[in-house]
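Listed below, chain by chain, are the residues.
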Amino acid sequence: MCGIVGYIGKKEKKELILSALKELEYRGYDSAGIAVMKDGRIDAFKAIGKLGNLEKKTKDFTSHNEGAAIGHTRWATHGKPTEINAHPHFGEHSYIVHNGIIENYREIKEALIKEGITFLSQTDTEVAVYLFEYNLKNSKNAFEAFEKTILSLKGAYAILLITTTAPDSIFFAKNAAPLIVGKNDEGEIFFGSSDAPLIGHAKEVCYLEDGQYGVLNKNEILLYADRKKVLPVFKDLPQDKSYAQKEGFRFFMEKEIYEQSRVLGETLMGRIKNNEIVLEELDEHLFEGISAVKICACGTSFHAGLAAGYLFERFAKIRTDIIIASEFRYKEPLLTKDTLFVVISQSGETADTLEALKIAKNAGLKTLAICNVDNSSIVRLADSTILTRAGIEKGVASTKAFATQVATLWLLAIFIAQKQKSVSKERLESEIDTLLKIPSSLIVDNATHEKIKRLSKRYLHGHGFFFIGRDIFYPLALEGALKLKEISYLHAEGYPAGEMKHGPIALVDSKLFTVALLPKTMLYDKTKNNIEELSARDATILVISPERFELADDFIKTQHSTHVMNEFFEMMIILQLLALEIAVRLGNDVDMPRNLAKSVTVE
Ligand code: M6R
C-alpha cells in the first residue's frame, strides 16, 4: 500500500524524506517520488521501481535550511506504475501526495476538463491538486482553497500538499487512510502514514481522525473538522522501530487480522456505484461465450477458490470447478474455450499457480487473476486482473489476503449475476447492500479476543483437531485447520460436517478437539446433528455459533446476522485468533513459522 511522509524544518530534506520512505518499504510499492520546497521554489523527482532508483535520480540534489518536503511510495490502484502516475502530482504552483482512492474523481475530472484543464496521469489523485489550484482562483487564501477541495472529495485519503502560494506550510487531510503528525523540541514537524518513519525524529505524535484537515507550519498547527477548529492531541511516541511497524501489535499476523475490516473497505472501494457492481478493470466482453469457470490456486488461495465455488453457482448460476494448481498441472486437463480460467494468488508469484495459468493460456482460454500484488508474474500474464488490495501481508500465515480474496470473489459472483441477470433484482440489491456493510463484520471484538486468549490454554495437547462446517463454512473449516497447522504445528484437518460419519469419526475420543462452525443462516439443524454425533462419542467440542449449544465443552458466541457472509467473516476472525493464541502459548514464531515461506516460487 502507498506510504506518505512529510517534513518541515532545517535538516537536509532529500536524505530525511528518502530515509523516511525506506521505513515504509514494508508496505509494498511500485514507484516513489519527493517534492522539496525551499526559497519559494519546488523541486520534484519521481522514479518507478525501488527507492534506489529515486536515490540515483536525486543524487546531485540537496536542500538545507528552512523548508518543507513531501514524499510518497505508490502501490498502483488507478493507472499503471509509471513515472507519470507516480506521486507527487503537480499543478502550476503546488504538489500533492495521496494514499487511498478518491471515489468521485471522475466527476471532478470531467468538470475540470470542461474548464480547460488537461490531465497528465491516469490517477485519481491528480484531480485533487488541479481542483485546489482551480479553487485558489476564487479563494481568499491557500487554506480556504484547500478546505473547499477537501470538502468536495469522497472516498479515502491521506493527503499532503505543498504550494508556493503558502511556502512555509504543509496542507494535510485524512479520511479512512492513516496519517500521523509528529513534532519535537527543535521545532521540526513530521508526517507519516505510520509511526515507523517518525521514530527517532518526532517526540510526540497526533494520530489524525477521519474527516480532519488543516495546515501546519513551524509556528502553528491549525486542525479542522467540518469547518470547525479542533485541538490536536499529542502523545509520546515509543521509540522502538519494530513495535512501530507492527503498530503496537505483538505480531504482524495479529496486526493483519485487526486490519481486515479496513482493507476490505479498500477492496470494495469504487467498485459499488449506484447500487451496482462496477469492475472497471474487466474487459466488457470477458464473459461473452463463457459458460463455466475453472478456479486454480494453492493453500489459502485455494480455500478462497472453494468458497467462491459456492458463491458462483449460487448467485452467478455458472458451473464452477476448483482445483489445486499442483494437481491441475499434470492431470492432462480437458480445457474448452467456453471456460473462464481464474487463478487466485496473494503473491502473484506462486510457481504452481503461474504454470497452471500458462497451460490455460496456451490452450486459448480467457484468463483472470485475483491477486494482491500488481505487476507480479501472474498479473502480467493473465488477460485481466482484479486486485484484492489487501496491502502487503507480512505474516506467512495468510489472513487479510484470504478475507480480501473471498470478498473480491463474492463481488465478482454478484457482478456476473448482474450481467447475466441470473438472480432477481431484489436479491441483487440485498447482496450489494450486505457487501457494502461487510467491513463492519470484520471488526475484532476485544471481548471475544480475550476469551480466545483464555480458552487457548485448553487446546495445547491432545492428538489433533477437526474443523467442521457445511456449505461455504467447509472451506472456512479447511482454512481454520490450515492456520492452526501452519503456526501451532498441531495436527488439524478440515472436514465437511456431514462427512464425519464416513470415516473420520473413528478417530474421535476426548483428546480429539473439534472446532465446529455452527452458523444460524446456513444448515443450522443439519450441522447441529453432526456435532451431536461427535459429542455422543466424547469428542471435546468448541462450538462457534450465535446460538448457545448445550453439548459444547467450550462456546464462542457470534452475532445474530441475517446474511451468511456476515457469519462467514465473523467466524473467520475467530479461527484466525484461535490459531494465533494457541501458537503464542506454544512459544512458536507466529510470523515466520518453521519450514514455510511467504512466497512459494518453486514447484
Ligand atoms: O501467494 P499465494 O496466494 O499464491 O500462495 C499460496 C499459498 O502458498 C499460501 O496461501 C499458503 O498456503 C499460506 N502460507 C497460507 O497461510
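Whatever comes next refers back to the structure up there.
Residues numbered from 1 in each chain as written. Predicted model: local features only at pLDDT ≥ 70, side-chain atom pairs only at ≥ 80, totals over all residues. Heavy atoms only, no water.

## Thoughts on the overall build of the protein chain
Part 1 of the reasoning: Counting secondary structure elements, the protein chain contains 18 helices and 27 strands.
Part 2 of the reasoning: The C-alpha atoms of the protein chain give 25 Å as radius of gyration, which agrees with the globular expectation for 603 residues (25 Å, within 12%).
Part 3 of the reasoning: Projected onto the principal axes, the alpha-carbon positions of the protein chain cover approximately 80 × 55 × 45 Å.
Part 4 of the reasoning: Counting over 603 residues, the protein chain shows a buried share of 60%.
Part 5 of the reasoning: At a minimum sequence separation of 6, the contacts of the protein chain that also span at least 24 residues come to 71%.
Part 6 of the reasoning: Surface summary for the protein chain: the accessible area is close to 24200 Å², and the carbon and sulfur share equals 50%.
Part 7 of the reasoning: For the protein chain, the centre of its 75 positive side-chain charges and the centre of its 81 negative side-chain charges are spaced 0 Å apart. (Helix = DSSP H or I, 4+ residues; strand = E, 2+ residues; numbered from the N terminus. Rg over C-alpha atoms; globule rule 2.2 N^0.38 Å. Buried < 20%, exposed > 50% of the residue type's maximum accessible area, 1.4 Å probe, protein only. Contact = heavy atoms within 4.5 Å. Areas by Shrake-Rupley, 256 points an atom, 1.4 Å probe, with all protein chains shown as cover. Lys, Arg positive; Asp, Glu negative; His and termini not counted. Charge placed at Lys NZ, Arg CZ, Asp CG, Glu CD.)

## Some words on the environment of His87
Part 1 of the reasoning: Residue position: His87 is located in the loop between strand 4 (67-74) and strand 5 (89-90).
Part 2 of the reasoning: Discounting residues that sit within four places of it in the chain, His87 has contacts with Ala32, Gly33, Lys46, His72, Arg74, Ile96, Val97, His98 and Thr125.
Part 3 of the reasoning: A distance of 3.2 Å separates the side chain of His87 from the backbone nitrogen of His98, its partner in a polar contact. (Polar contact = N/O pair within 3.5 Å; in protein donor to acceptor, adjacent residues only side chain to side chain.)

## Remarks on helix 17 (residues 524-535)
Side chains of residues three or four places apart in an α-helix project in the same direction, reflecting 3.6 residues per turn.
Part 1 of the reasoning: Here helix 17 is twelve residues long and its end C-alpha atoms lie 16 Å apart, about the 16 Å a rise of 1.5 Å per residue gives.
Part 2 of the reasoning: Taken together, the buried positions of helix 17 are occupied by Tyr524, Thr527, Lys528, Asn530, Ile531 and Leu534. Down the axis, helix 17 shows its buried residues gathered within 160° of arc, on one side only.
Part 3 of the reasoning: In the core, the buried residues of helix 17 are packed alongside strand 23 (465-469), strand 25 (513-517) and strand 26 (540-545). (Expected span 1.5 Å × (residues − 1). Arc of directions from axis to C-beta.)

## Concerning the sheet that holds strand 12 (residues 212-216)
Strand pairing within a sheet occurs via backbone hydrogen bonds; the two strands may be parallel or antiparallel.
Part 1 of the reasoning: With respect to topology, seven strands assemble into an open sheet ordered 5-6-7-8-12-13-14, the strand pairing being antiparallel. Lying at the two open borders of the sheet, with one neighbouring strand each, are strand 5 and strand 14 (228-230).
Part 2 of the reasoning: Of the pairings in the sheet, the one linking strand 7 (residues 157-163) to strand 8 (residues 170-175) comprises five bridges and is antiparallel in character. In the sheet register, Leu160 faces strand 8, and the bridge partner there is Phe172. (Pairing = 2+ DSSP bridges.)

## Structural notes on the side chain of Asp30
Part 1 of the reasoning: As for its position among the elements, Asp30 is in the loop between helix 1 (13-23) and strand 2 (31-38).
Part 2 of the reasoning: Here Asp30 is buried and forms no salt bridge, its nearest opposite-charge partner Arg74 lying at an N-O distance of 4.4 Å.
Part 3 of the reasoning: Excluding residues that lie within four positions of it along the chain, Asp30 makes contacts with Ile48, Gly49, Arg74, Trp75, Ala76 and Pro81. (Salt bridge = Lys/Arg side-chain N within 4 Å of Asp/Glu carboxyl O.)

Take it as geometry only, folks, not as evidence of what the structure does.
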